[in-house]
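Structural overview for review
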Amino acid sequence: MSVTTVPLRPVGKGGLWLLWIGIAALVAVAVGFALHMTPRIGFEVVKEGTGNSPTKADVVLVKYEGKLADGTVFDANEQAPMQVAGVVPGFSEALTRMKKGGEYKITIPPQLGYGDRAVGPIPAGSTLHFDVTLLDFRSEAEVRAMQQQMQQQQQMMQQMQGAPGAPGEAGPAGPPPGAPQP
């Protein structure tokens, strides 16, 4: 049995550079395509806030107005508490870029909003536009502690209202304690 060899010419230095330039151009086109095809939110700072930004684990208090592309307002609230991780991905991403007291205009593409689902007055495939003011934010642990404190205060108020002789409550009929019995 004989072995057949195919003669290959060595690659010249000029050819090697062309190969690397071709690979670099291909990588650049792939990166450009990936960046262009990845949905992103529109984020415009109207008024810069101060301090740190909330994290996905925080609870925020925001003032917002949400509109569809045709200008129809689908939701608005003057003081809405919400968990950063509990909203659509585009809104969550925007919240983590905000600072307390700041005002922002956000545009959320359908892929980072409700996608192909219709939700209430929002049609499927809608781009969402928001005007948002970040009023305040707290960690989830701080919010839980505040809720527990409020519950304890409510329980104390209920106990005080239910106690005999408490202001505004009529006690049992009869003479006051220590008075002679008839």
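Data block above holds the structure.
Thresholds applied
- Residues numbered from 1 in each chain as written.
- Predicted model: local features only at pLDDT ≥ 70, side-chain atom pairs only at ≥ 80, totals over all residues.
- Heavy atoms only, no water.
- Pairing = 2+ DSSP bridges.
- Helix = DSSP H or I, 4+ residues; strand = E, 2+ residues; numbered from the N terminus.
- Axes fitted to C-alpha atoms, helices over the stretch in contact; angles between N-to-C directions.
- Core = buried A, V, L, I, M, F, W, Y, C linked by side-chain atoms within 4.5 Å.
- Buried < 20%, exposed > 50% of the residue type's maximum accessible area, 1.4 Å probe, protein only.
- Contact = heavy atoms within 4.5 Å.

1. Observations regarding the pairing of strand 2 (residues 58-67)
- Taken together, the 10 bridges between strand 2 and strand 5 (residues 128-139) define a ladder with antiparallel strand orientation. Looking across to strand 5, one finds that Lys67 is bridged to His129.
- Counting the residues in the hairpin turn of strand 2 and strand 3 (residues 73-83) gives five residues, including Gly71, whose phi is positive at 95°.

2. With respect to the sheet that holds strand 4 (residues 103-108)
- Taken together, the five strands give an open sheet; going across it, the order is 1-4-5-2-3, and neighbouring strands pair in antiparallel fashion. Whereas interior strands pair on both sides, the edge strands pair on one side only; in this sheet they are strand 1 (42-47) and strand 3. On average, each strand axis in the sheet is inclined to that of its neighbour by 25°, with strand direction left out of account.
- Across eight bridges, strand 2 lies against strand 3 in antiparallel orientation. Bridge assignment links Gly66 to a residue of strand 3, and that residue is Asp75.

3. Details of the nonpolar core
- Val62 and Phe130 are the most contacted members of the largest nonpolar core, which totals 24 residues.
- Sort the elements by how many residues they give to this core and strand 5 lands first, with five residues.
- In contact with Phe130, other than residues within four places in its own chain, are Tyr64, Glu65, Gly66, Phe74, Phe91, Tyr104, Lys105, Ile106 and Ile108.

4. Quick word on the side chain of Ser126
- Of note, Ser126 is situated in the loop between strand 4 and strand 5.
- Among all residues touching Ser126, those that are not within four sequence positions of it are Leu68, Ile108, Pro109, Pro110 and Gly115.

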